[in-house]
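# Structural characterization, general
In case you want the letters, here they are:
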Amino acid sequence: MNNDSTILMSLAPVSHDLGGFKVHRTLPHKQRTMVGPFIFFDQMGPARLGVDEGIDVRSHPHINLATVTYLFKGALDHRDSVGSVQRIEPGAVNLMTAGKGISHSERSPSDERAHGPMLDGIQTWLALPQDKEEVDPAFEHTPVDRMPLIEGEGKRLHLIMGEAFGARSPVTQHHPTLYAALRLTPGASIELEREADERAIYLLEGDLAVDGENVDRMHLVLLRPGTRPVLRSTTGARLMICGGAPMDGERHVWWNFVSSRRDRIQEAKRAWKAGEFALPPSDDHEWIPIPEVPLTVSYP
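Let me begin by describing the structure that accompanies this report.

Cut-offs and rules
- Residues numbered from 1 in each chain as written.
- Predicted model: local features only at pLDDT ≥ 70, side-chain atom pairs only at ≥ 80, totals over all residues.
- Heavy atoms only, no water.
- Helix = DSSP H or I, 4+ residues; strand = E, 2+ residues; numbered from the N terminus.
- Rg over C-alpha atoms; globule rule 2.2 N^0.38 Å.
- Buried < 20%, exposed > 50% of the residue type's maximum accessible area, 1.4 Å probe, protein only.
- Pairing = 2+ DSSP bridges.
- Axes fitted to C-alpha atoms, helices over the stretch in contact; angles between N-to-C directions.

### Description of the overall build of the chain
- If you tally the helices and strands in the chain, you get two helices and 26 strands.
- A compact globule built from 300 residues would reach a C-alpha radius of gyration of about 19 Å, and the chain, at 19 Å, matches this within 12%.
- Each principal axis of the C-alpha atoms in the chain carries an extent, and together these give about 55 × 45 × 35 Å.
- By residue count, 55% of the 300 residues in the chain fall in the buried class.

Here it is in structure tokens:
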């Protein structure tokens, strides 16, 4: 991108076929580890599975991060080691704070399996500030009717986290965060405020231009700090906006573990392998074994 462009860089996804559906990952990326606290950004689907099929993500661990699950279609049952059992549906927000350690599973509900589950959503991880990395694990569910909705003039914005356009999300922030889902009708536009020091957009559907520059679908597009870009769509668009304040130092990523300290990740690896993590009480019959690979996934 040239120095006059509002767009700093565009991160292409790495796509994985998981059998029946695809996951498109843009963070972490070799060119960029984080945008604000966002250190992991996955688009799940969209896909429809067969009758009696479903998503079965067995129990697995996390440390020193928070996860945010946001669905557009379908449903998932969440269970975790602090005892939470929660169905998540489109527009609601699941925030799980791993802190010093948590395990959880995500599965398609039985009623969804009966007619073939839909999967369409975004899974993100947020790094925790160093002084909160070892907080007690916790879970928070915010239903769709409590989420701020800003609409008019061809715009429909669900504010998932943070403050924007005069609204504030009730979802807990461990670090200044901006996260929103936006729909634009054909011909609509929106000017983004300077809501965060670091911002990115992710185009799921349709077409979009940022200050006249077209963006690619399924790319995470980083915006130049301090700008007020105009987003415009010709045929209509569905996109995510994410970002926040810069994080307090680099983070290391290995499997499901994120931390500011490499030795903390090694300890978590040992503890999961030794069976020292608690499992979800209602889903403790199976779990994902730790991969036998060296600690190499770390980006400066």
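### Some words on the sheet that holds strand 22 (residues 220-223)
- Read across the open sheet, the seven strands follow the order 1-22-19-24-17-14-13; overall the sheet is antiparallel. For this open sheet the edge positions go to strand 1 (7-11) and strand 13 (149-152), each flanked by a neighbour on one side alone. The mean angle between the axes of side-by-side strands here comes to 20 degrees, regardless of whether they run parallel or antiparallel.
- As paired strands, strand 13 and strand 14 (residues 155-161) are joined by four bridges and run antiparallel to one another. The residue of strand 14 that forms the bridge with Ile 150 is Leu 157.

### With respect to unusual backbone geometry
- Cis geometry is adopted by the peptide bond preceding Pro 28, which originates at Leu 27 and carries an omega value of -5 degrees.
- Note on placement: Pro 28 falls in the loop between strand 3 (22-27) and strand 4 (38-48).
- Of note, the amide linkage connecting Gly 45 to Pro 46 takes the cis form, showing an omega dihedral of 5 degrees.
- If you trace the backbone, Pro 46 turns up in strand 4.
- A positive phi angle is found at Asp 52, which is not glycine, with a value near 70 degrees.
- With respect to the helices and strands, the residue Asp 52 is situated in the loop between strand 4 and strand 5 (56-62).
- The phi dihedral of Trp 255 is positive, around 55 degrees, even though this residue is not glycine.
- Position of Trp 255 relative to the elements: it lies in the loop between strand 25 (252-254) and strand 26 (257-259).
- Owing to a relative accessible area of 23%, Trp 255 belongs among the partly exposed residues under this scheme.

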